[in-house]
Amino acid sequence: MADPKYQEWANGPKIVAIGGGTGLSTMLRGLKLHTRRLTAIVTVADDGGGSGVLREDLGMPPPGDIRHCMEALANAEPVMSQLLRYRFPDGSGRLTGQSFGNLILAALNGIYPSFDQAVARMSEVLAITGRVLPVTNENVQLEATFENGTSVVGESKIFHFKKEQDCRIQSVRLLPERPAALPAALEAIADAELILLGPGSLYTSVIPNLLVEGISEAVCRSKAVKMYICNIMTQDGETEGMTASEHVAALLQHSGPGLVDLCLCNSAPVRPGLVERYREEDAAPIVVDREAIEALGVEVVTRPVSSETSDYARHSVKRLADAVMDIYRQRASTKIF
């Protein structure tokens, strides 16, 4: 007789998580314990670090965010996990700081005809739970326009440019605009029972996915439970001074009404020592202005989802996944699939 817990996991909800960076991979680590029917749709706008080097040298999409998600979902042997995380030390020339996992994905990209096929083959090697999909196979750049009318091209340049301009980001766009979405990504969204946006950098990890042709429209059309996972802290060089409602407004500005039903915000206090450290970096706990969020047509749900042990103000793997699943179970009965 099959284990009831296995059956519950095997037949868990079809979840699509959209984003990039460490925030998305943190959430995936927790969600994979609740369902195997999990799809991560990941931005490919990164052009910094080791990913930027491979992108420049090989003309391939950046592998870093994709690799982080595959690591989070992997069920590989410990040695393989160590290999994925290994970074070449200083003095390694062009390989300095490069992740071995990025190089594996680059090699597979050379073997297979498209980046998504390379990702699929690496996913098989790592025996990941669920799927990881690049949002598009196209070579895209991110352009940010600021409130003073200036603009900069390149995801890695936005932080310093914003500090120099000393004003907020007004909008972002992809170059070329509206690149074709990976068909599998659109199919996953159409089939989803729960769609999650974030957590992660608002303008450089979450919103770029919504600028790919058909993605935001597919999310808006979906009858799934749709939730934005708000960050715990503002982000230096990107969202300084922005409240939770301003995060939601930016998402809607770059997509359309009906993108999300709920906004999940952290209710646990950030430890005093951490607050002081973040203040030195022009970052602070995000103010949850409930009435302003609800005025945008989005319900606010608060849960204690921050980590109690991390040296940073970040989401807890377990707390966040448990909160997401609890909210889904409460809300799913009101949705028609």
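Residues numbered from 1 in each chain as written. Predicted model: local features only at pLDDT ≥ 70, side-chain atom pairs only at ≥ 80, totals over all residues. Heavy atoms only, no water.

**Focus: the nonpolar core**
Put simply, the rule reads: To qualify as a nonpolar core, a set must consist of buried Ala, Val, Leu, Ile, Met, Phe, Trp, Tyr and Cys residues joined through side-chain atoms within 4.5 Å. Remark: exposure states derive from per-residue accessible area (1.4 Å probe, protein chains only) relative to the maximum for the residue type, with buried under 20%, exposed over 50%, and partly exposed in between. Contacts are assigned to residue pairs with any non-hydrogen atoms lying within 4.5 Å of each other.
If you look at the biggest cluster of nonpolar residues, it comprises 98 residues, and the most contacted ones within it are Val132 and Leu196. Each residue touching valine 132, except ones within four places of it in the same chain, is listed here: Ala40, Val42, Ile66, Cys69, Met70, Leu73 and Val119. Residues Val270, Leu274, Val275 and Ala283 belong to the second largest nonpolar core, which totals eight residues.

**Side note on the sheet that holds strand 5 (residues 151–153)**
Our working rule: The criterion for strand pairing is that DSSP finds at least two bridges linking the strands in question. Strands are runs of DSSP state E lasting at least two residues, helices are runs of H or I lasting at least four, and both sets are numbered from the N terminus onward. For every element, the axis is a line fit to its C-alpha atoms; helices are fit only across the contacting stretch, and the angle between N-to-C directions ranges from 0 to 180 degrees.
In space, the three strands of this open sheet follow the order 5-4-6, with antiparallel pairing throughout. Only two strands of the sheet have a single partner each, and these edge strands are strand 5 and strand 6 (169–175). Strand after strand, the sheet turns through a mean of 20° between neighbouring axes, direction not considered. With six bridges joining them, strand 4 (residues 141–146) and strand 6 adopt antiparallel strand pairing. Considered in strand 6, the bridge of phenylalanine 146 is made with isoleucine 169.

**Some remarks on the pattern of salt bridges**
Worth spelling out the cut-off: Salt bridges are counted wherever a side-chain nitrogen of Lys or Arg sits within 4 Å of a carboxyl oxygen of Asp or Glu.
The full count for this structure, using the stated rule, is 19 salt bridges. A salt bridge links arginine 173 to glutamate 143, with the shortest nitrogen-to-oxygen separation between them at 2.4 Å. Of this pair, arginine 173 sits in strand 6 while glutamate 143 sits in strand 4, and the two are 30 residues apart along the sequence. Residue classification places glutamate 143 among the buried residues on the basis of a relative accessible area of 10%. The partner of arginine 319 in a salt bridge is glutamate 308, with the nearest N and O atoms 3.3 Å apart. Here arginine 319, found in helix 15 (residues 317–332), pairs with glutamate 308, found in the loop between strand 10 (299–303) and helix 15; they are 11 residues apart in sequence, far enough to count as distant. Accessibility expressed as a relative area gives 61% for glutamate 308, which makes it exposed.

**Things to note about helix 13 (residues 272–279)**
Where we set the bar: For this quantity, the arc is that covered by the directions from the helix axis to the C-beta atoms.
Within the span of helix 13, buried status applies to Leu274, Val275 and Tyr278. The arc that holds every buried residue of helix 13, seen down its axis, measures 105°, which confines them to one face. With respect to the buried face of helix 13, the exposed residues turned more than 90 degrees away are Pro272 and Gly273.

**A short note on the layout of surface pockets**
The test is simple: Only protein atoms enter the 1 Å grid used here. Points where a 1.4 Å probe fits but cannot escape make up a cavity, open sets with protein on both sides within 12 Å along at least five of seven lines make up a pocket, and a residue lines them when an atom lies within 4 Å of a point. Grid points are joined across faces, edges and corners, and a volume is the space filled by probe spheres set on the points. Only Asp, Glu, Lys and Arg are considered charged in this grouping, and only Ala, Val, Leu, Ile, Met, Phe, Trp, Tyr, Cys and Pro are considered nonpolar; every other residue, Gly among them, is considered polar.
The computed volume of the largest pocket comes to approximately 1,200 Å³. For the lining of the largest pocket, the secondary structure elements donating two or more residues are helix 2 (21–31), helix 3 (49–58), helix 4 (64–73) and helix 10 (202–210). For the lining of the largest pocket, the element with the highest residue contribution is helix 2, accounting for six residues. The residue makeup of the lining of the largest pocket, split by class, is nine nonpolar, 24 polar and nine charged.

**Comments concerning the environment of cysteine 69**
With respect to the element layout, cysteine 69 can be found in helix 4. In this structure cysteine 69 comes out as buried when scored by relative accessible area, which is 0%. Note: C-alpha distance between cysteine 69 and leucine 133 (64 residues apart in sequence) is 9.6 Å. In this view, cysteine 69 contacts Leu24, Ser25, Leu28, Val42 and Val132; residues no more than four positions away in its chain are not counted.

**Considering the environment of leucine 211**
With respect to the element layout, leucine 211 can be found in the loop between helix 10 and helix 11 (215–221). Using a relative accessible area of 11% as the deciding quantity, one classes leucine 211 as buried. Taking the C-alpha atoms as reference, leucine 211 lies 6.7 Å from arginine 173; in sequence the two are 38 residues apart.

**What about the side chain of glutamine 98?**
Worth spelling out the cut-off: Throughout this description, a polar contact denotes any pair of N or O atoms lying within 3.5 Å of each other; where both atoms belong to protein, one of them has to be capable of donating a hydrogen while the other can accept it, and for residues adjacent in sequence the pair is counted only when both atoms sit in side chains.
Here glutamine 98 lies in the loop between helix 5 (78–85) and helix 6 (100–111). For glutamine 98, a relative accessible area of 3% gives the class buried. Side chain to side chain, glutamine 98 and asparagine 102 meet in a polar contact 3.1 Å long. Contact partners of glutamine 98, with chain neighbours within four places excluded, come to Gly50, Val53, Leu54, Tyr86, Arg87, Phe88 and Leu103.

It is worth stressing that arrangement in space is one thing and function is another; only the former is reported here.
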